[in-house]
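Inside the fold
One-letter residues, chain by chain:
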There are 2 protein chains.
Amino acid sequence: MCRDSITSNISERDTYGVAMSRIETSSDIGKLVHSKRKELGLTYKEAAGLCGVGVRFWSELERGKSSLHLGKVLFVLMRLGLDLQVEGRV
Amino acid sequence: MCRDSITSNISERDTYGVAMSRIETSSDIGKLVHSKRKELGLTYKEAAGLCGVGVRFWSELERGKSSLHLGKVLFVLMRLGLDLQVEGRV
DNA sequence: GTTCCTTAATCCCGTACGGGAAAAATCATA
DNA sequence: TATGATTTTTCCCGTACGGGATTAAGGAAC
């Protein structure tokens, strides 16, 4: 289910087993985080602990809550090895 | 100043005048938003209006405040034509 | 220096984030 | 179905987001 969502978002820049997924909403981020956590075989508690956040936050993050604090989310992404890139005209 | 920061973050994927900038912190996002706003020749008030947020939020966004609400920030990025991508191993 | 424009800080106030624990709900498996 | 594990919800509470207005500060131009 979550893995299928990732697949559908893979861009043409797909190289060497690296995928680029488009992010527009907090829900997109939630799906990615969910997928990554599953991939790492972690429970909420373990993942949250790894990233220094609470289980409650993690639960809301994966369910795509939009009012989460930006910095916490970015930190989690970084800890999970999910590299954020912004593409825009120079 | 801000434009220089963008330049230093340009990745090898730079093609057809499109730049990819790495995002790790809310400060990175602030710099990007600032740069884009300048590029568009907008004041805080105008830019905020375009994105349906208040001036106060905009000011905090550009100054890299980490506790801003994720969804609002993502919406602004989208409105500014800044495409977010996540890169991670499939 | 003065003036004007822009950005940053402050204020009021209602709403709400998030830690951590506990309870409830859901899921997976035997 | 029962059981155990996991996820979701709820609770308490201190802190704080963000709209919009106002004030303060900063910068550019003359």
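In this text, all values refer to a predicted model and were calculated from it rather than measured experimentally. (Residues numbered from 1 in each chain as written. Chains lettered and ligands numbered in written order. Predicted model: local features only at pLDDT ≥ 70, side-chain atom pairs only at ≥ 80, totals over all residues. Heavy atoms only, no water.)

**Focus on the overall build of chain A**
Applicable threshold: Runs of H or I in DSSP of at least four residues are treated as helices and runs of E of at least two as strands, each being numbered from the N terminus. Any residue under 20% of the maximum accessible area for its type is buried, any over 50% is exposed, and the rest in between are partly exposed; the area is computed with a 1.4 Å probe on protein chains only. By the convention used here, residues are in contact when the closest approach between their heavy atoms is within 4.5 Å. Computed with the Shrake-Rupley method and a 1.4 Å probe, the accessible areas treat only the protein chains shown as cover for residues.
Looking only at helices and strands, chain A features five helices and two strands. Beginning at the N terminus, the succession of helices and strands in chain A can be written as α-β-α-α-α-α-β. Looking at chain A residue by residue over its 90 residues, the buried ones come to 48%. Taking all contacts inside chain A whose residues are at least 6 apart in sequence as the whole, residues at least 24 apart take part in 46%. Working note: accessible area of chain A is about 4800 Å², and carbon and sulfur atoms make up 51% of it.

**Describing the nonpolar core**
Note the cut-off: To qualify as a nonpolar core, a set must consist of buried Ala, Val, Leu, Ile, Met, Phe, Trp, Tyr and Cys residues joined through side-chain atoms within 4.5 Å.
Counting 44 residues, the largest nonpolar core has Ile29(A), Trp58(A), Ile29(B) and Trp58(B) as its most contacted members. Residues in contact with Ile29(B), not counting those within four places in the same chain, are Leu70(A), Leu74(A), Ile23(B), Leu61(B), Val73(B) and Leu77(B).

**Comments concerning the protein's contact with DNA strand D**
Applicable threshold: Being near a molecule or strand, for a residue, comes down to having at least one heavy atom within 4 Å of it. Each residue gets one label: Ala, Val, Leu, Ile, Met, Phe, Trp, Tyr, Cys and Pro are nonpolar, Asp, Glu, Lys and Arg are charged, and the others, such as Gly, are polar.
Around DNA strand D, the surrounding shell holds 17 residues, and the nearest of these are Tyr44(A), Arg63(A), Arg56(B), Lys65(B) and Ser67(B). Protein-proximal atoms of DNA strand D, defined as those within 4 Å of the protein, fall in sugar or phosphate at a share of 70%. Those elements that place two or more of their residues in the surface near DNA strand D are helix H2 (26–40) and helix H4 (55–62) of chain A together with helix H4 (55–62) of chain B. The dominant element in the surface near DNA strand D, judged by the number of residues it contributes, is H4(A), at three residues. Of the residues assigned to the surface near DNA strand D, the class counts are five nonpolar, five polar and seven charged.

**A closer look at the packing of aromatic side chains**
Filter applied, for reference: Centres within 6.5 Å are what make two rings of Phe, Tyr or Trp a pair, Trp counting through its six-membered ring; a difference in plane orientation under 30 degrees is then read as stacked, over 60 as edge-to-face, and the rest as tilted. Look at NZ for Lys and CZ for Arg. If either is within 6 Å of the ring centre and within 35 degrees of the ring normal, a charge sits over the ring.
One pass over the structure, following the stated rule, counts zero aromatic pairs over all chains. Lying across the ring of Phe57(A), Lys72(A) places its NZ or CZ 5.3 Å from the centre.

**Digging into helix H5 (residues 70–79) of chain B**
Residue and element names in this part refer to chain B. Put simply, the rule is: This arc is built from the directions going out from the helix axis to the C-beta atoms.
Residues of H5 that are buried include every one of Leu 70, Val 73, Leu 74, Val 76 and Leu 77, and no others. In an axial view of H5, the angular spread of the buried residues amounts to 160 degrees, which keeps them on one side of the axis. Positive backbone phi, at 75 degrees, marks Gly 81, one or two positions downstream of H5.

**Looking at the packing of H2(A) against H4(A)**
Rules: To define axes, lines are fitted to C-alpha atoms, for helices over the stretch in contact only, and angles between the resulting N-to-C directions are given on a 0 to 180 degree scale.
In the contact formed by H2(A) and H4(A), the axes pass within 7 Å of each other and the chain directions differ by 115 degrees. When H2(A) is examined against H4(A), the residues Ile29(A), Gly30(A), Lys31(A), Val33(A), His34(A) and Arg37(A) are found in contact with a partner set consisting of Trp58(A), Leu61(A) and Glu62(A).

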